[in-house]
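Chain by chain, the residues run as shown.
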Amino acid sequence: MKQPSLLTLPQFPLSKQDFEPELFHKIIYVAINKLVHNGIQEITEIEIENVVKTKPVFLEVLQDNNYLDFIVNVKELSIIDNYEYYYNTIRKFSLLRELQDNGFDIREFYDELSEENDQLAQFEKLTIQEILNRIEFKSIQLRTKYDVKYVRNEMRAGEGTEELLSEFEETPAFGASLCSPYLTTLFRGWCLGHLIMESAPSSTGKSRMAVADLCNVSVDQIWNDEQEDFIINPNYQGSGLFIHTELDTRKEINPMFLACISGVNEKHITMGTLNKEEKFRVLKAGEILKQNNLTLVDMADFTCQSIERKIKECVEKYNIYYTVFDYVQLNSSVVAEYRQNTAVQAREDLVLRNITLELKNMAEKYSVGIKTMSQLNGTEKTIDFPDESCFSGGKSQKVKLDAACITLPVKNRIKEFAHIKPYIKKVGFKGETIMPNLVSYIVKSRFGEYADQKIKVWRYFDRARFRNTDYFCTNQYDELINI
């Protein structure tokens, strides 16, 4: 109450559930939180009463607990510099309650029935991370003891051929659709258990293209310009997960998804300039997204282990089918994890290769389709057909990928564009003529029909509305080919 703005700090998240055991404390927290978000800088018992008096039942709880004296005493005894200590204590008890609610024995951390005088002192020494590590270690011990698998599967060649053919007839081995029909064909779809990587220079729109791809498979309705209405998405497969590492989830990532589903210019959303019809579409898009269990996760300080935990959690909780990880890069935590696991020097290319390897393992382990992205190392500027040598993680990053492409702005490939310009049949778009603004170079297609060919996909991607238009494909010599 001395400095209520501390409640707004993202590194110290609190909710009313943290005060759940004591209704009196919970009411005071909710009142303070409401006042903070209304801009109040100094809170006294008067402000608290003004908020609560509209709820006579809550006011009676405060009066029964002599809240006037309580507030005065708390303000006198509390020390602002100890806020982090107070916060950690509250959160530790919240964690223990949730663990207990989920069937975990918490007595080794804190036993309410124990008469030992030093129990609280020992509990205060524990951190949240230490409690979680102990719980996880027990789970790992059990998995190690009872889930020992030396091979994933074993069979005799030719066994069950008839059943296998029936399965392929019922469900052909072709994955879900990406936002680019040509990439879908060349990669043979976005398959469960497969890892796709799209690499591009900074500011090319990697995140935006990934949003469009994920919406294409994980949202069951989408705006259709021709019908001027939301339609059933024929490419819908099931729930999805988007893990990002750089942007703000609520104000930067979520508007991308709203723009993609509504077909409304993202800038109109973020600048607050929606007209009446656009606002209706965006609100409708929000409802559609909420119904589809598409989870957005900010994981700036990721490790391979934390990515796997989140994918496992969402598979078990939401039955997700597709995941985007945005994107393969270095941070101090993933470098430290690599050093700890391998006991070798953490060279940049080795760490990036390992992240890619682990993502592929996760795709197979949890039977989800994963798409990720990466930066380039600059080599793409000097060669005619960019390949795996351009990956920021080097050539070896390609090994575990099922499909990969390098996408470059057409404006950076002037010579190639001059070759293909005569092929372009100009297309009218909102009264203007649009031309391809991206070219994707196929680097790998493990199961694709054209896996041995160097193919370019010429496309236009609308960064504001997240719509992709494929033009045509050419070979490495910029000659038209049929796909």
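Residues numbered from 1 in each chain as written. Predicted model: local features only at pLDDT ≥ 70, side-chain atom pairs only at ≥ 80, totals over all residues. Heavy atoms only, no water.

*Asks:* So, the pairing of strand 5 (residues 295-298): which residues are in play, and what are the values?
*Replies:* With burial as the criterion, only one face of strand 5 is covered, namely that bearing Thr 295 and Val 297; the residues Leu 296 and Asp 298 on the opposite face remain uncovered. Pairing of strand 4 (residues 240-244) with strand 5 involves 4 bridges; the strand directions are parallel. By the bridge assignment, Ile 243 is partnered in strand 5 with Val 297. (Buried < 20%, exposed > 50% of the residue type's maximum accessible area, 1.4 Å probe, protein only. Helix = DSSP H or I, 4+ residues; strand = E, 2+ residues; numbered from the N terminus. Pairing = 2+ DSSP bridges.)

*Asks:* Can you lay out the pairing of strand 13 (residues 467-475) for me, pointing to particular residues and giving the numbers?
*Replies:* Counting buried positions along strand 13 yields 8 of 9 residues, so the element is predominantly enclosed. Where strand 12 (residues 455-462) hands over to strand 13, the hairpin turn is made up of 4 residues, of which Phe 466 adopts a positive phi near 60°. Relative to strand 14 (residues 480-481), strand 13 runs antiparallel, the two being bridged by 2 bridges. Each bridged residue has a counterpart across the sheet, and for Cys 473 the counterpart in strand 14 is Ile 481. The loop that links strand 13 with its antiparallel partner strand 14 comprises 4 residues; one of these, Asp 478, has a positive phi angle of about 65°.

*Asks:* Break down unusual backbone geometry for me, with residues and values.
*Replies:* For residues that are not glycine, phi is negative in most cases, and the peptide bond is trans in most cases. Here the bond from Asp 326 into Tyr 327 is cis, since omega is 10°, no more than 30 degrees from zero. Note on placement: Tyr 327 falls in strand 6 (residues 322-328). For Ser 367, which is not glycine, the phi dihedral falls at a positive 55°. Mapped onto the elements, Ser 367 comes out in the loop between helix 16 (348-366) and strand 7 (369-374). The phi dihedral of Phe 466 falls on the positive side, at around 60°, and the residue is not glycine. You can see Phe 466 is positioned in the loop between strand 12 and strand 13. The buried category is assigned to Phe 466, whose relative accessible area is 3%.

*Asks:* Explain the pattern of salt bridges to me, and be specific about the residues and the numbers.
*Replies:* Tallied over the entire structure, the rule returns 21 salt bridges. Taking the shortest distance from any N to any O, the salt bridge between Lys 371 and Asp 213 comes out at 2.5 Å. Within this pair, whereas Lys 371 is found in strand 7, its partner Asp 213 is found in helix 10 (residues 206-218), the two being separated by 158 residues in sequence. Here the two residues Lys 371 and Asp 213 agree in accessibility, since each one is buried. Put simply, Lys 456 and Asp 478 hold a salt bridge, and the shortest N to O gap is 2.6 Å. (Salt bridge = Lys/Arg side-chain N within 4 Å of Asp/Glu carboxyl O.)

*Asks:* So what's going on with the nonpolar core? Residues and values would help.
*Replies:* Counting 49 residues, the largest nonpolar core has Leu 214, Phe 257 and Ile 261 as the members making the most contacts within it. In this structure, Ile 261 is in contact with Cys 215, Val 219, Gln 221, Ile 222, Trp 223, Phe 230, Ala 285, Ile 288, Leu 289 and Arg 467, ignoring residues within four places of it in sequence. If you look at the next biggest cluster of nonpolar residues, it comprises 47 residues, including Phe 302, Val 334, Tyr 441 and Trp 458. (Core = buried A, V, L, I, M, F, W, Y, C linked by side-chain atoms within 4.5 Å. Contact = heavy atoms within 4.5 Å.)

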